[in-house]
Amino acid sequence: MRIFIVGAGSLGMMYGLRLARGGARITFVTRSVEQASLIAGKGGKLVEDGEEFVVVAKAVSMSDGMALAEDELPGAGDWIWITVKQAHLTDELLASVSSLSARGAAVLCLQNGIGHLPRIAAALPAGTLIVPAISTEGALRESPDIVRYTGRGTLMFGPLRPGKTNAEEEEITQKMLVSVLEEAGITAELSNQMENRIYEKLLINAVINPLTAIFGVKNGELPLHPSRLRLMSALFMESRAILARSGLNEEYGSWEKVLAVCEATAANESSMLRDVQSGRATEIDWINGGIAGLAREAGIPSPLNDAVAAMVRALH
Ligand SMILES: NC(=O)C1=CN([C@@H]2O[C@H](COP(=O)(O)OP(=O)(O)OC[C@H]3O[C@@H](n4cnc5c(N)ncnc54)[C@H](OP(=O)(O)O)[C@@H]3O)[C@@H](O)[C@H]2O)C=CC1
Ligand SMILES: CC(C)(CO)C(=O)C(=O)O
């Protein structure tokens, strides 16, 4: 099995280097020729628990990837991981991923937020196995060839709607990926509850990300101020109710879990705060904007999600 990682950013580098270190056959597909030559030349550096690991792996830029020889391209039994941000999922990128996946590779989608799966499905060849994934791990790329592994967690993936006709064959493909991940020491889990898990992660991001970005505080500081805690709670209640209307099961997405994530990631700046501070586009349109979209579909209001989305867009 070969794994092609499209997007050598924080998450893509962290998983790709850990997998390559564990013996998996990785090819990074980068945006720039420079980053590909760095990783394939002197290697990428993974900083984990104070130790540094330099790992050399195959890497091509997206444009060079389109010109790979037939036997170097992904085929049946291989995986393409899409590890770019929501805003990077342009028609051009999706067309490139579509030609990479034309020989039958399965595609794993690691984006936070919602809205990307139907877009990816519409762009890829009919019959492509497209698997949503949720990662509770943390990573921060410090330079094009250095990534810091900032938080342990689990990579969960599985069918969005279980019970399709070729489910057995697809399950084998996914179980093989779990084995490769485990061999590399990565905690991975197959789930038949991906819709609930995606909505649960969305709920956590919908409360923590915009408020940390607006107030400029770390995740652990957010609930410490009583007024911020009240805002968190109100945004949670509104978002939870909207997601429940869209199918979120009551076992998933509790208030306690949101507080637990603040505590577990207390020293972290959320990805949205980091994006705002660095002047990059945030994922607000696919997080609170995504929840507001679900509310519109259900014919219910989403005033707090609309408000925080407008505020974060104003910070862009
Ligand atoms: N970081 C984390 O800890 C976690 C992230 N996530 C989710 O994972 C997704 C990725 O996040 P993250 O890794 O942090 O984001 P980053 O911004 O660090 O990485 C995105 C990468 O995509 C690359 N890219 C953009 N366009 C293209 C293109 N056309 N071709 C090839 N590469 C491209 C960028 O290239 P370049 O460097 O050249 O700009 C960059 O390396 C997000 O949806 C995020 O919410 C989920 C859980 C944890
Ligand atoms: C869980 C959380 C809030 C951790 O920082 C995150 O996923 C993010 O920052 O996007």
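Residues numbered from 1 in each chain as written. Chains lettered and ligands numbered in written order. Predicted model: local features only at pLDDT ≥ 70, side-chain atom pairs only at ≥ 80, totals over all residues. Heavy atoms only, no water.

Q: Run through the overall build of the protein chain, naming residues and quoting values.
A: Helix and strand counts for the protein chain stand at 12 helices and 12 strands. Looking at the protein chain as a whole, 50% of its 316 residues qualify as buried. Partitioning the intrachain contacts of the protein chain with sequence separation of at least 6 by distance along the chain shows that 70% fall at a separation of at least 24. A total of about 14,100 Å² of accessible surface is found on the protein chain, and carbon and sulfur atoms cover 52% of it. Here the protein chain holds 29 positive side-chain charges and 36 negative ones, and the gap between their average locations is 3 Å. (Helix = DSSP H or I, 4+ residues; strand = E, 2+ residues; numbered from the N terminus. Buried < 20%, exposed > 50% of the residue type's maximum accessible area, 1.4 Å probe, protein only. Contact = heavy atoms within 4.5 Å. Areas by Shrake-Rupley, 256 points an atom, 1.4 Å probe, with all protein chains shown as cover. Lys, Arg positive; Asp, Glu negative; His and termini not counted. Charge placed at Lys NZ, Arg CZ, Asp CG, Glu CD.)

Q: Summarise the site of ligand 1; cite the residues concerned and give the values.
A: Around ligand 1, the surrounding shell holds 23 residues, and the nearest of these are Ser 10, Leu 11, Arg 31, Ala 139 and Glu 283. At 3.4 Å, a backbone N or O of Ala 8 approaches an oxygen atom of ligand 1. The separation between an oxygen atom of ligand 1 and a polar main-chain atom of Gly 9 is 3.1 Å. Against a free-state accessible area of 900 Å², the protein chains account for coverage of 86% of ligand 1. When residues of the shell around ligand 1 are traced back to their parent elements, those giving at least two are helix 1 (10–21), strand 2 (25–30) and strand 9 (138–143). Per element, the largest residue contribution to the shell around ligand 1 is 3 residues, and it comes from strand 9. Looking at side-chain class alone, the shell around ligand 1 contains 7 nonpolar, 10 polar and 6 charged residues. (Near = heavy atom within 4 Å. Polar contact = N/O pair within 3.5 Å; in protein donor to acceptor, adjacent residues only side chain to side chain. Nonpolar A, V, L, I, M, F, W, Y, C, P; charged D, E, K, R; others polar.)

Q: Residues and numbers for the site of ligand 2, please.
A: Taken together, Asn 112, Lys 201, Asn 205, Ile 208, Asn 209, Asn 219, Val 261, Ser 270 and Ser 271 make up the full set of residues near ligand 2. Note that an oxygen atom of ligand 2 is positioned 3.0 Å from one of the side-chain N or O atoms of Asn 205. One of the side-chain N or O atoms of Ser 271 is found 2.6 Å from an oxygen atom in ligand 2. Looking at the shell around ligand 2, its residues break down into 2 nonpolar, 6 polar and 1 charged.

Q: Talk me through the pattern of salt bridges; I want residue IDs and the actual numbers.
A: This structure, assessed with the given rule, holds 16 salt bridges. With a closest N to O distance of 3.1 Å, Glu 171 and Lys 175 form a salt bridge. A residue pair is termed a helical-turn pair when its members lie 3 or 4 positions apart in one helix, as Glu 171 and Lys 175 do in helix 6 (residues 167–183) at 4 residues. You can call Glu 171 partly exposed: its relative accessible area is 38%. (Salt bridge = Lys/Arg side-chain N within 4 Å of Asp/Glu carboxyl O.)

Q: Explain the sheet that holds strand 9 residue by residue, including any values.
A: Read from one edge of the open sheet, 4 strands run 4-3-10-9, paired in mixed fashion. Unpaired on one side and paired on the other, strand 4 (51–55) and strand 9 mark the two borders of the sheet. Across the sheet, the mean angle from the axis of one strand to that of its neighbour is 25 degrees, orientation sign disregarded. Across 5 bridges, the pairing between strand 9 and strand 10 (residues 146–151) is antiparallel. By the bridge assignment for strand 10, Arg 141 is matched with Val 147. Sheet strands touched by helix 1: strand 3 (44–48), strand 4, strand 9 and strand 10. Its angle to strand 9, the strand with the most contacts, is close to 100 degrees. (Pairing = 2+ DSSP bridges. Axes fitted to C-alpha atoms, helices over the stretch in contact; angles between N-to-C directions.)

Q: Describe helix 2 (residues 33–41), with residues and values.
A: Those residues of helix 2 lying buried are Gln 35, Ala 36 and Ile 39. Around the axis of helix 2, the buried residues are gathered within 100 degrees of arc, so they sit on the same side. On its buried side, helix 2 packs onto helix 1, strand 2, strand 3, strand 4, strand 5 (58–61) and strand 9. Residue Gly 43 follows helix 2 closely and has a positive phi angle near 100 degrees. (Arc of directions from axis to C-beta.)

Q: Give me the lowdown on the sheet that holds strand 6 (residues 79–82), citing residues and values where you can.
A: Across the sheet, which stays open at both edges, the 8 strands sit in the order 5-2-1-6-7-8-11-12 with mixed pairing between neighbours. Of all strands in the sheet, those bounded by a partner on one side alone are strand 5 and strand 12 (188–190). Averaged over all neighbouring strand pairs, the angle between strand axes comes to 25 degrees, with direction disregarded. Relative to strand 11 (residues 155–157), strand 8 (residues 130–135) is paired through 3 bridges, and the arrangement is antiparallel.

Q: Go over the pairing of strand 8 with me, naming the residues and quoting the values.
A: Among the 6 residues that make up strand 8, 5 are buried, leaving the element largely enclosed by the rest of the structure. Here 3 bridges tie strand 7 (residues 106–109) to strand 8, and the two strands are oriented parallel to one another. In the strand pairing of strand 8, Cys 109 is matched with Pro 132. Note on the crossover from strand 7 through helix 5 (residues 116–123) to strand 8: the handedness is right-handed. (Right-handed = clockwise from strand over helix to strand, strands pointing away.)

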